[in-house]
Amino acid sequence: MNFKIALLAGDGIGPEVINEAVKVSDAIAKKFNHNIEWKSALVGAAAIDAVGDPYPNETHDVCLASDAILFGAIGHPRFDEDPLAKVRPEQGLLRMRKKLGLFANVRPTFTFPSLLNKSPLKKERIQGTDLVFLRELTGGIYFGERGRKDNGNTAFDTCTYNRDEIKRIAVKGFELAMKRKKKLCCVDKANVLESSRLWRETFQEMEKDYPDVKVSYEFVDAVAMRLVQWPNSYDVLVTENLFGDILTDEASVISGSMGLMPSASVGLENSLYEPIHGSFPEAAGIGIANPLATILSAAMMFEMSFGLHNEGANIREAVNKSLIEGKVTKDLTEKGEKFFSTSEVGDYLIELIR
Ligand code: IPM
Ligand code: MN
């Protein structure tokens with residue numbers, strides 16, 4: 001097969017981890033006789049510096065013309081420290097999600113048997129954890145009306161959802177649950193929020209179309225607690241944008257390092273794949289970033305966008321092997337233990353794939 005993939009490296013450690021994902025993807029393509037045409041484009045602080053816009057039109061065009069998008073990370077402290085900054089890298093990410101219609105953010109959380117002792121949680125609690133969050137990504141409080149009033153002394157953000165927006169992410173959730181353990185948790189705050197009550201109502205109406213799926217309705221605060229108590233009791237969790245943002249960061253610590261978890265954002269046009277970690281500017285350029293989350297995101301791309309399951313499985317196998325053998329970056333070692341650089345980990349995976 002021939003693919004065109006848009007490559008949006010972004011900021012901080014983005015370019016380094018993307019580089020390794022490209023190396024690994026090319027090795028897989030070579031092995032399985034595919035041809036990947038990569039097309040790089042600017043996004044985030046890098047794009048602000050170059051053209052004054054965190055998601056330039058040219059980048060959007062590159063994304064639209066591609067079969068899938070591989071994304072690094074976005075964000076720079078120089079903007080975080082300035083509450084009055086007019087343009088921010090994150091605006092680029094949000095605009096990109098909206099313009100590409102990336103409404104369903106798929107964020108798996110799983111454990112690697114070889115890394116169980118790296119998790120801050122007790123081994124017996126996290127063993128066997130294999131869950132997936134479906135986070136709604138183009139609605140809710142992230143995109144609702146916001147502003148200031150009373151001469152700037154009052155601020156507001158609004159959370160709005162309509163039935164269609166809820167339904168299309170719910171469909172993804174039910175379909176995914178059907179392919180997995182047939183368990184779905186609708187995460188909301190229906191005891192307080194009207195938007196959550198519409199979520200719950202919509203899911204309840206849809207239950208009859210998926211009689212094999214066992215649906216639970218849980219409040220987000222309770223899920224936040226149960227997630228670290230009994231993570232292996234969950235299968236598919238569907239939730240709105242902000243709840244999903246918070247819970248998926250929480251869930252990422254279960255696996256032992258934020259540098260391990262991949263994600264996919266399924267869109268109306270095409271889909272985007274990215275690590276769930278941020279741009280980690282302190283680590284940029286010194287070869288300590290863990291490339292595995294981005295490499296596993298590339299595995300999701302082969303599987304979800306191209307239906308190439310052997311290719312994806314081959315990447316996962318190589319990743320598992322490298323972890324078992326301790327060919328890992330600094331975040332996965334104890335003080336004083338030997339670690340490998342970002343590119344050494346990528347090189348080792350390529351060796352395994354060949
Ligand atoms: C994420 C990030 C983004 C979000 C930020 C960078 C805007 O935290 O992808 O989870 O809040 O969605
Ligand atoms: Mn987040």
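Residues numbered from 1 in each chain as written. Chains lettered and ligands numbered in written order. Predicted model: local features only at pLDDT ≥ 70, side-chain atom pairs only at ≥ 80, totals over all residues. Heavy atoms only, no water.

1. Some thoughts on the overall build of the protein
Okay, so step 1: Each helix and strand counted, the protein has 13 helices and 12 strands in total.
Okay, so step 2: For 354 residues, the compact-globule estimate of 2.2 N^0.38 gives 20 Å, and the C-alpha radius of gyration of the protein, at 20 Å, lies within 12% of that figure.
Okay, so step 3: For the protein, the spread of C-alpha atoms along the three principal axes comes to 55 × 50 × 45 Å.
Okay, so step 4: Per-residue burial over the protein gives 53% buried out of 354 residues.
Okay, so step 5: The contacts of the protein with a sequence gap of at least 6 include a subset with a gap of at least 24, amounting to 75%.
Okay, so step 6: When the accessible surface of the protein is summed, it comes to about 15,800 Å², and 52% of that surface belongs to carbon and sulfur atoms.
Okay, so step 7: The protein carries 43 positive and 50 negative side-chain charges, and their two centres are separated by 3 Å. (Helix = DSSP H or I, 4+ residues; strand = E, 2+ residues; numbered from the N terminus. Rg over C-alpha atoms; globule rule 2.2 N^0.38 Å. Buried < 20%, exposed > 50% of the residue type's maximum accessible area, 1.4 Å probe, protein only. Contact = heavy atoms within 4.5 Å. Areas by Shrake-Rupley, 256 points an atom, 1.4 Å probe, with all protein chains shown as cover. Lys, Arg positive; Asp, Glu negative; His and termini not counted. Charge placed at Lys NZ, Arg CZ, Asp CG, Glu CD.)

2. Some remarks on the site of ligand 1
Okay, so step 1: E90, L93, R97, R107, R135, Y142 and D245 make up every residue found near ligand 1.
Okay, so step 2: In the model, an oxygen atom of ligand 1 is placed 2.5 Å from a nitrogen or oxygen of the Y142 side chain.
Okay, so step 3: At 2.9 Å, a side-chain N or O of D245 approaches an oxygen atom of ligand 1.
Okay, so step 4: One can see that ligand 1 is located within the second largest pocket.
Okay, so step 5: At three residues, helix α5 (residues 89-99) tops the list of elements feeding residues into the shell around ligand 1.
Okay, so step 6: Taken together, the residues of the shell around ligand 1 break down into two nonpolar, no polar and five charged.
Okay, so step 7: The residue makeup of the shell around ligand 1 includes at least three contributed by each of domain 1 (1-119 + 258-354) and domain 2 (126-255). (Near = heavy atom within 4 Å. Polar contact = N/O pair within 3.5 Å; in protein donor to acceptor, adjacent residues only side chain to side chain. 1 Å grid on protein atoms, 1.4 Å probe; cavity = no way out; pocket = protein on both sides within 12 Å on 5 of 7 lines; lining within 4 Å. Sits in = over half its atoms within 2 Å of the grid points. Nonpolar A, V, L, I, M, F, W, Y, C, P; charged D, E, K, R; others polar. Domains from an automatic or database assignment.)

3. Here's the deal with unusual backbone geometry
Okay, so step 1: Positioned with a positive phi, D150 is a non-glycine residue whose angle comes to about 50 degrees.
Okay, so step 2: Of note, D150 is situated in the loop between β6 (146-149) and β7 (154-157).
Okay, so step 3: In the Ramachandran plot, K182 falls in the positive-phi region, its phi being about 60 degrees despite a non-glycine side chain.
Okay, so step 4: Take K182: it is sitting in the loop between α7 (163-179) and β8 (183-188).

4. What to know about the environment of R107
Okay, so step 1: Its place among the elements puts R107 in strand β4 (residues 104-110).
Okay, so step 2: On the basis of relative accessible area, R107 is assigned to the buried category, the value being 6%.
Okay, so step 3: Distance in space between the C-alpha atoms of R107 and E165 is 19 Å, their sequence separation being 58 residues.
Okay, so step 4: Within the structure, R107 has its side chain in polar contact with the side chain of T248 (distance 2.9 Å).

5. Regarding the side chain of H34
Okay, so step 1: Position of H34 among the secondary structure elements: in the loop between α1 (14-31) and β2 (35-40).
Okay, so step 2: Given a relative accessible area of 14%, H34 falls into the buried group.
Okay, so step 3: Side-chain polar atoms of H34 contact the backbone nitrogen of M1, separated by 3.2 Å.
Okay, so step 4: Residues within four places of H34 in sequence aside, it is in contact with M1, F3, A29, L308 and E311.

6. Points about the sheet that holds strand β9 (residues 214-219)
Okay, so step 1: On the basis of which strands lie adjacent, the open sheet formed by 10 strands has the order β2-β1-β3-β12-β11-β4-β5-β10-β8-β9 and mixed pairing. Looking at strand neighbours, the two that pair on one side only are β2 and β9, the edges of this open sheet. Geometrically, the sheet is characterised by an average inter-axis angle of 25 degrees between neighbouring strands, direction not taken into account.
Okay, so step 2: The sheet contact formed by strand β5 (residues 130-136) and strand β10 (residues 236-239) spans four bridges and is parallel. Within the sheet, the bridge partner assigned to V132 lies in β10 and is V236.
Okay, so step 3: Set on the sheet, helix α3 (residues 57-64) makes contact with β1 (2-10), β2 and β3 (68-73); between it and β1 the angle comes to about 150 degrees. (Pairing = 2+ DSSP bridges. Axes fitted to C-alpha atoms, helices over the stretch in contact; angles between N-to-C directions.)

7. Describing the layout of surface pockets
Okay, so step 1: Approximately 660 Å³ is the volume attributed to the largest pocket.
Okay, so step 2: As for the largest pocket, its lining consists of 19 residues, of which V106, V132, L176, M300 and M304 are closest to the centre.
Okay, so step 3: At the level of secondary structure, the elements contributing two or more residues to the lining of the largest pocket comprise β4, β5, α7, β11 (262-266), α11 (292-304) and α12 (309-324).
Okay, so step 4: Of the residues belonging to the lining of the largest pocket, the class tally is 11 nonpolar, one polar and seven charged.
Okay, so step 5: If you count residues domain by domain, the lining of the largest pocket takes at least three from each of domain 1 (1-119 + 258-354) and domain 2 (126-255).
Okay, so step 6: Of the volumes computed, that of the second largest pocket is approximately 490 Å³.
Okay, so step 7: Lining the second largest pocket we find 26 residues, and of these I74, L93, D245, I276 and G278 sit closest to its centre. (Points joined across faces, edges and corners; volume = space filled by probe spheres on them.)

8. Examining the domain arrangement of the protein
Okay, so step 1: What the domain assignment lists for the protein is domain 1 (1-119 + 258-354) and domain 2 (126-255).
Okay, so step 2: Here domain 1 and domain 2 have C-alpha centroids that lie 24 Å from each other.
Okay, so step 3: Counting residues at the interface gives 24 residues for domain 1 and 25 residues for domain 2.
Okay, so step 4: Summing both sides of the interface, domain 1 and domain 2 together bury roughly 2,300 Å²; the carbon and sulfur share of this comes to 62%.
Okay, so step 5: Considering only the side of domain 1, the residues that lose the most area to domain 2 are F103, R107 and T109, jointly responsible for 31% of the buried surface there.
Okay, so step 6: Put simply, domain 1 and domain 2 have zero salt bridges between them.
Okay, so step 7: Inspection of the domain 1/domain 2 interface yields eight residue pairs in polar contact (both at pLDDT 80 or more).
Okay, so step 8: Classifying every residue of the side of domain 1 that touches domain 2 by side-chain character gives 15 nonpolar, six polar and three charged. (Buried area = accessible area lost by both parts, 1.4 Å probe. Salt bridge = Lys/Arg side-chain N within 4 Å of Asp/Glu carboxyl O.)

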